Amino acid sequence: SSYIAKEGTSLISSKPLVGESNSRVHPSITKSYATGIIVPEVEKAASNIGGLVGLNEDGFVELSYASVDIMSFNQGYFSECIGGLVGLNKAKISEAYATGNDSGYGTVGGLVGENSRGGQIEYSYAMGSVKVLRNEYLYAGSFAGGNWGSIYGSYSVGKIELPNDRDYAYLY
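Now for a look at the structure at hand. Bear in mind the structure is a predicted one, so any value in this text is a computation, not a measurement. (Residues numbered from 1 in each chain as written. Predicted model: local features only at pLDDT ≥ 70, side-chain atom pairs only at ≥ 80, totals over all residues. Heavy atoms only, no water.)

Notes on the overall build of the chain
- Looking only at helices and strands, one finds zero helices and 23 strands in the chain.
- Looking at the chain alone, contacts between residues at least 24 apart form 78% of all its contacts between residues at least 6 apart.
- Put simply, the chain shows about 7600 Å² of open surface, and 49% of that area lies on carbon and sulfur atoms. (Helix = DSSP H or I, 4+ residues; strand = E, 2+ residues; numbered from the N terminus. Contact = heavy atoms within 4.5 Å. Areas by Shrake-Rupley, 256 points an atom, 1.4 Å probe, with all protein chains shown as cover.)

So, in structure tokens, the structure goes:
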């Protein structure tokens, strides 16, 4: 098992961290966790931000968790995916959870920002709140901000907060 430190306020200056924007998981992460706060530098923010992993492209995340608060203020990325555990999931997540609070522009979810085509999530949960700050199209979910993959045996209990001028969003 391993511990991935997430303390501090600058995501970009923390190059070794797995949860860094656009970090990729190829084989697997097992029995790992992250704690702390992520506040990316606005002018350098990337499109995938997760408490443990930015992009799970073809890897496997299992028996892991993140208790990380993510606050992204970058308005330039419509495609920004923010998730309590994984920003963008294109592979498999099993028996994992996230308890942090996530806020930002774009697609925001309690466990994953987006569960893409081919993404599989099973036996996982999210407990933090989700806040979408503002965007033309809002995708938000207390579990997944957007889902085009499969989710099985999973749940969430967090609340979703939308901008004051919006009374709807694409909810997953």
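A few points about unusual backbone geometry
- Located in the positive-phi region is Leu63, a residue other than glycine, with phi close to 50 degrees.
- Relative to the helices and strands, Leu63 is located in the loop between strand E6 (60–62) and strand E7 (65–71).
- Phi is positive for Glu95, which is not a glycine, with a value near 50 degrees.
- Following the sequence through the fold, Glu95 ends up in the loop between strand E10 (92–94) and strand E11 (97–98).

Notes on the environment of Gly104
- The residue Gly104 is located in strand E12 (residues 102–104) in this model.
- The spatial distance from the C-alpha of Gly104 to the C-alpha of Ile82 is 7.2 Å, given a sequence separation of 22 residues.
- The contact partners of Gly104, leaving out residues within four places of it in the chain, are Ser72, Ile82, Lys131, Val132 and Leu133.

Brief notes about the pattern of salt bridges
- In this structure the tally under the stated criterion is two salt bridges.
- Residue Glu122 is joined to Lys92 by a salt bridge in which the shortest nitrogen-to-oxygen separation is 3.6 Å. Residue Glu122 is located in strand E15 (residues 120–122), and its partner Lys92 is located in strand E10; the two are separated by 30 residues in the primary sequence.
- By relative accessible area, Glu122 is classed as partly exposed at 22%.
- You can call Lys92 partly exposed: its relative accessible area is 25%.
- The salt bridge involving Glu161 is made with Lys131; its shortest N-O contact spans 3.8 Å. (Salt bridge = Lys/Arg side-chain N within 4 Å of Asp/Glu carboxyl O. Buried < 20%, exposed > 50% of the residue type's maximum accessible area, 1.4 Å probe, protein only.)

Overview of the sheet that holds strand E20 (residues 150–152)
- Pairing in this open sheet of five strands is parallel, and the strands run E2-E6-E10-E15-E20 from one edge to the other. With partners counted over all chains shown, the strands left at the sheet margins are strand E2 (28–30) and E20, one partner each. Taken pair by pair, the neighbouring strands of this sheet meet at an average axis angle of 5 degrees, ignoring direction.
- Relative to E20, E15 runs parallel, the two sharing three bridges. Each residue of the ladder has a partner; that of Ile121, found in E20, is Ile151. (Pairing = 2+ DSSP bridges. Axes fitted to C-alpha atoms, helices over the stretch in contact; angles between N-to-C directions.)

Focus on the environment of Glu95
- What makes Glu95 partly exposed here is its relative accessible area of 46%.
- Sequence spacing of Glu95 and Ser64 is 31 residues, and the spatial spacing of their C-alpha atoms is 7.1 Å.

With respect to the environment of Gly118
- Relative to the helices and strands, Gly118 is located in the loop between strand E14 (112–115) and E15.
- A residue is classified by how much of its surface remains accessible, and Gly118, at 55% relative accessible area, is exposed.
- If we skip the residues at most four places from it in the chain, Gly118 touches Lys90 and Ala91.

What about the sheet that holds E14?
- Read from one edge to the other, the open sheet built from four strands follows the order E5-E9-E14-E19, with strand pairing classed as parallel. Strands with a single pairing partner mark the edges of an open sheet, and in this sheet they are strand E5 (53–56) and strand E19 (144–147). Sheet twist, expressed as the mean angle between neighbouring strand axes with direction ignored, is 5 degrees.
- As paired strands, E14 and E19 are joined by three bridges and run parallel to one another.

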